[in-house]
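Observations on the three-dimensional arrangement
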2 protein chains.
Amino acid sequence: MASITASYPWTTAPLIAGAPMRLISGPSLAHAISSAGGIGFLAAGTDVSTLSENLSTFESLLSASPIPGAPSDVLPIGVGFIVWGADLNLAAKAFSELPEPPAAVWLFAPSSSEELGSWANGIRSATKGKSKIWVQVSCIADAIDAVRVADPDVFVIQGADAGGHGRYASAGLISLVPELIDAVRSYYAKGSGNASSPPKFIAAGGIADERGVNAILALGADGAALGTRFLAAEEAVIRKGYQDAVLNAVDGGNSTIRTDVYDKLRGTVGWPEGYGGRGVINLSYSDAVKGVSFEENEKLYKAAEGAGDEGWGEGKARMTTYAGTAVGLVKKVATAGDIVKELRGEIVVQRI
Amino acid sequence: MASITASYPWTTAPLIAGAPMRLISGPSLAHAISSAGGIGFLAAGTDVSTLSENLSTFESLLSASPIPGAPSDVLPIGVGFIVWGADLNLAAKAFSELPEPPAAVWLFAPSSSEELGSWANGIRSATKGKSKIWVQVSCIADAIDAVRVADPDVFVIQGADAGGHGRYASAGLISLVPELIDAVRSYYAKGSGNASSPPKFIAAGGIADERGVNAILALGADGAALGTRFLAAEEAVIRKGYQDAVLNAVDGGNSTIRTDVYDKLRGTVGWPEGYGGRGVINLSYSDAVKGVSFEENEKLYKAAEGAGDEGWGEGKARMTTYAGTAVGLVKKVATAGDIVKELRGEIVVQRI
């Protein structure tokens, strides 16, 4: 079976993907990750209106600084969509207007299986099959369902430790990766999937350094996707207050929580049932737990929004700091290129 | 630095430990695990009254079937205590009456740091320092605290995926193992710990096959401890209904939950705040979530208790089935010896 890097010929094994973090993963971050032999993802998220502009910015970066080994028929990056909230027609239109579509499209959080199937078909049709379909799942049931409706080229297996949105009911990668891979392979072995293209598997959630990457390879994954680690990339579109809060947080199992408190305060509505966002525990969360009324908590949150970088930080933080449990392993800002090389073990990190 | 197997000379790398599961990990299971080159643990749990009898049974098994490489000054097994509920004086007395104490004593869930310190000192004193002190933790803060009061020989790093009792606030092994190891090593590097004996690290929670073992080695751990996988050992003291429920459960992130519902129904009181037990979701749990009154739920539970193996099983289950998220990787009953060899990769398992 061909290695996953064969499908993305500018990449180096083990494959490192930059997760499409809404508002944070822009053209510069994607370009930097792909330039280092990983695969960067632009985050379209729920809002496709800025996609064409972001793709065009990426194309300018690529012209100025080409990526060796990139094929001529696709852009050497991917684009991530939050399926329940994004407009498929706009996405398909943006892609069909491009000379080359992105090498991969990452689909997350459909409101139904049918919607996931429509997206997979719609994207394949708009890109003449050139964009590989990546589907993010966090349990076995969703994975088997995705095979049935979307025949993914790649599964992104999201573990419970992941930052930002994910399912409450989930397991860590240590048990989820092997069980999910076995279940999907066995489904294909029974002749139930498209046997000519069994999927590859990328693990995400709790990985922040070379040790995490080697662990998920041992579990059977073909590569790793990371969000939290790239929050501390120089190219991330992120406020200094947010980035500092990531650098300062330790003991992620204690200091982060998956909750809908942040969605509610930010006025984010529409996530399908069962999803919450993992972020660093802050005053908004602890006030909500203490029983402070939503109205009062929202007022305090809005005031923090007006405070700029001062809205984050120990003891006074109310601004949302989405991050995974690996947040304690993120201790310095670096270029995305150096982060990718560290993850592959090409740059050795002094730890203590 | 000497490898961890040097301290337990009958063992083979990578070190496989059988977790001390209350009521389930008895002398036969411990003997079978240690005989295969792992280290079995007897579960004293909260009740030390059966410890002497269990140790004596183990000694008979050992006489009948000696373990090659076992040293003469310790028994080639460990004993696990749930510290908040166990009686240190009784434990110390049981050990001092033995010709040889166990090679390791595993301490879990103290109600305070002081209590953990007393246990570590008390056991070291009763066994003349022959029993190594293993301390189970699931966050960085508890680990640093344990170094301070107990100077553990071994940390058992328990991830959120572990079955049975553990802290609600926890991370998966993928991020917890590297962060905890870095934090403890850096504490020792600052001269804050006993520099002559920096601890070793055993990872537990979500590991069920060779892939999980290799993953935690990649994360930097020295060995793996497993509970759920040994629920399906021939030598486990377990009802067939419970064992079948483990074999049948899949998709552990969906099918298990950490909760206090089972403790309440079973009348288990005394766990320190912040601990819950992960088990397979059953009717007791779903009724509790649905709002069935405790009295009614308890009545239904007691009726199930009287139903023997019929108290478990799809759709009718009310008996508690403590298990971790790796439950979906446990598909067959085997001897504990074969399980240990599979975990070390000496027996190759056909997966699909």
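Residues numbered from 1 in each chain as written. Chains lettered and ligands numbered in written order. Predicted model: local features only at pLDDT ≥ 70, side-chain atom pairs only at ≥ 80, totals over all residues. Heavy atoms only, no water.

What to know about the overall build of chain A
For chain A, the count of helices and strands is 14 helices and 11 strands. What you see for chain A is a C-alpha radius of gyration of 19 Å, in line with the 20 Å of a compact globule of 352 residues. With respect to the three principal axes, the spread of C-alpha positions in chain A is 55 × 40 × 40 Å. Across the 352 residues in chain A, those meeting the buried criterion constitute 60%. Considering only contacts in chain A between residues 6 or more positions apart, those separated by 24 or more positions represent 71%. Each charge class in chain A can be summarised by its mean position, and for the 29 positive and 37 negative side chains these summaries are 2 Å apart. (Helix = DSSP H or I, 4+ residues; strand = E, 2+ residues; numbered from the N terminus. Rg over C-alpha atoms; globule rule 2.2 N^0.38 Å. Buried < 20%, exposed > 50% of the residue type's maximum accessible area, 1.4 Å probe, protein only. Contact = heavy atoms within 4.5 Å. Lys, Arg positive; Asp, Glu negative; His and termini not counted. Charge placed at Lys NZ, Arg CZ, Asp CG, Glu CD.)

Quick look at the packing of helix H5 (residues 140-150) of chain B against helix H6 (residues 173-189) of chain B
All names here are of chain B. Running from N to C, H5 and H6 point in directions that differ by 35 degrees, and their axes come no closer than 10 Å. The element H5 and its partner H6 pack so that their crossing is right-handed. Every residue of H6 that contacts H5 at Ile140, Ala143, Ile144, Val147 and Arg148 is listed here: Leu176, Glu179, Leu180, Ala183, Val184, Tyr187 and Tyr188. For the contact of H5 with H6, the residue count by class is 10 nonpolar, no polar and 2 charged. (Axes fitted to C-alpha atoms, helices over the stretch in contact; angles between N-to-C directions. Left-handed = near helix turned anticlockwise from the far one by under 90°. Nonpolar A, V, L, I, M, F, W, Y, C, P; charged D, E, K, R; others polar.)

Overview of the pairing of strand S2 (residues 39-45) of chain A
All names here are of chain A. With 7 of its 7 residues buried, S2 lies for the most part within the structure. Side chains Ile39, Phe41, Ala43 and Gly45 of S2 all project onto a buried face; the interleaved residues Gly40, Leu42 and Ala44 project onto the opposite face, where all are buried too. In the sheet, strand S1 (residues 15-18) pairs with S2 via 2 bridges, with the strands oriented parallel. Looking at the pairing, glycine 18 lines up with glycine 40 of S2. One ladder, built from 4 bridges, connects S2 with strand S3 (residues 75-82); its direction is parallel. From the neighbouring strand, glycine 45 faces S3, where its bridge partner is phenylalanine 81. (Pairing = 2+ DSSP bridges.)

Some points on the sheet that holds strand S11 (residues 275-280) of chain A
Residues and elements named next belong to chain A. The strand order S7-S11-S10 describes an open sheet built from 3 strands, whose pairing is antiparallel. In the strand order of this sheet, the two ends are held by strand S7 (164-167) and strand S10 (256-259), each with one partner. Going across the sheet, the axis of each strand differs from the next one's by a mean of 30 degrees, ignoring polarity. Relative to S11, S10 runs antiparallel, the two sharing 4 bridges.

What about the environment of tryptophan 10 of chain B?
Residues and elements named next belong to chain B. Inspection of the secondary structure assignment puts tryptophan 10 in the segment before strand S1 (15-18). A relative accessible area of 5% places tryptophan 10 in the buried class. When the C-alpha atoms of tryptophan 10 and arginine 229 are compared, they prove to be 22 Å apart, with 219 residues separating the residues in sequence. Dropping the residues within four chain positions of it, tryptophan 10 is found in contact with Ser34, Gly37, Gly38, Ile39, Ile67, Pro68, Gly69, Ala70, Pro71, Pro76, Ile77 and Ala103. One polar contact links the side chain of tryptophan 10 to the main-chain carbonyl oxygen of glycine 38, over a distance of 2.8 Å. (Polar contact = N/O pair within 3.5 Å; in protein donor to acceptor, adjacent residues only side chain to side chain.)

Some points on the pairing of strand S9 (residues 223-226) of chain B
Regular strands place side chains that alternate from one sheet face to the opposite one. All names here are of chain B. Of the two faces of S9, the one holding Gly223 and Ala225 and the one holding Ala224 and Leu226 are both buried throughout. As judged from the 4 bridges shared by S1 and S9, these two strands associate in the parallel manner. Note on S9: the bridge partner recorded for glycine 18 is leucine 226. Pairing of strand S8 (residues 200-204) with S9, which is carried by 3 bridges, proceeds in the parallel orientation. For alanine 203, the partnering residue across the bridge sits in S9 and is alanine 224.

Regarding the interface of chain A and chain B
Of the residues lining the interface, 38 residues belong to chain A; the matching set on chain B comes to 38 residues. Carbon and sulfur atoms supply 61% of the area that chain A and chain B bury against each other, a total of about 2900 Å² over both sides. Counting the surface chain A buries against chain B, the share from its top three residues, Ile174, Glu179 and Arg211 of chain A, is 22%. On inspection of chain A and its partner chain B, the count reaches 2 salt bridges. The partner of aspartate 182 of chain A in a salt bridge is arginine 211 of chain B, with the nearest N and O atoms 2.8 Å apart. Between chain A and chain B we count 14 residue pairs in polar contact (both at pLDDT 80 or more) in total. (Buried area = accessible area lost by both parts, 1.4 Å probe. Salt bridge = Lys/Arg side-chain N within 4 Å of Asp/Glu carboxyl O.)

Regarding the nonpolar core
One finds Phe81, Trp134 and Phe230 of chain A together with Tyr8, Phe81, Trp134 and Phe230 of chain B to be the most contacted residues of the largest nonpolar core, which totals 237 residues. Tallying contributions element by element places helix H6 (residues 173-189) of chain A first for this core, with 10 residues. (Core = buried A, V, L, I, M, F, W, Y, C linked by side-chain atoms within 4.5 Å.)

Quick look at the sheet that holds strand S6 (residues 154-158) of chain A
Strands sit in the order S1-S2-S3-S4-S5-S6-S8-S9 (chain A) around a closed barrel of 8 strands; the barrel is parallel. The average undirected angle you get between the axes of adjacent strands in this sheet is 25 degrees.

Concerning the domain arrangement of chain A
All names here are of chain A. Segmenting chain A into domains produces domain 1 (10-237 + 331-343) and domain 2 (240-328). Computed from C-alpha coordinates alone, the two centres of domain 1 and domain 2 are separated by 25 Å. If you look at the interface, domain 1 gives 28 residues, while domain 2 gives 26 residues. Summed over both sides, the interface of domain 1 with domain 2 buries roughly 2300 Å², with 58% coming from carbon and sulfur. (Domains from an automatic or database assignment.)

Considerations on the side chain of arginine 211 of chain A
Residues and elements named next belong to chain A. Position of arginine 211 relative to the elements: it lies in helix H7 (residues 210-218). When its relative accessible area of 11% is taken as the criterion, arginine 211 is described as buried. Among the polar contacts listed, one links the side chain of arginine 211 to the side chain of aspartate 209, at a separation of 2.7 Å.

What to know about the pattern of salt bridges
Taken as a whole, this structure holds 32 salt bridges over all chains when the rule is applied. The closest approach of N and O atoms between lysine 93 of chain A and glutamate 97 of chain A, which form a salt bridge, is 3.2 Å. Here the residues in one salt-bridge network are Asp182 of chain A together with Asp209, Arg211 and Arg351 of chain B, joined through shared partners.

Some points on the relation of the copies chain A and chain B
When chain A is fitted onto chain B, the two copies agree to an RMSD of 0.0 Å after a turn of 180 degrees and an axial shift of 0.0 Å. The transformation just described matches what one would write down for a two-fold rotation axis. Minimal C-alpha distance to the rotation axis in chain A is attained by alanine 215 of chain A, lying at 2.0 Å. Both copies present the same face, since 100% of the interface residues in chain A are matched by interface residues at the equivalent positions in chain B. (Least-squares fit on C-alpha atoms with pLDDT ≥ 70 in both.)

Quick look at the packing of aromatic side chains
Within this structure, the stated rule accounts for 28 aromatic pairs over all chains. Ring geometry for phenylalanine 41 of chain B against tryptophan 106 of chain B: centres 5.0 Å apart, planes inclined by 80 degrees, an arrangement best described as edge-to-face. Residue phenylalanine 41 of chain B is located in strand S2 (residues 39-45), and its partner tryptophan 106 of chain B is located in strand S4 (residues 102-108); the two are separated by 65 residues in the primary sequence. Through successive ring pairs, a cluster of aromatic residues spans Tyr8, Trp10, Phe41, Trp106 and Trp134 of chain A. (Phe/Tyr/Trp six-rings, centres within 6.5 Å; stacked < 30°, edge-to-face > 60°.)

Some words on H6 of chain B
Note on helix geometry: an α-helix contains 3.6 residues per turn, so any two residues three or four positions apart are oriented the same way. Residue and element names in this part refer to chain B. Helix length check: H6 (17 residues) gives 23 Å between terminal C-alpha atoms against 24 Å at 1.5 Å per residue, within 8%. Of all the 17 residues making up H6, 13 are buried; the element is thus mostly covered by neighbouring parts of the structure. The first or second residue beyond H6 is glycine 191, which carries a positive phi of 85 degrees. (Expected span 1.5 Å × (residues − 1).)

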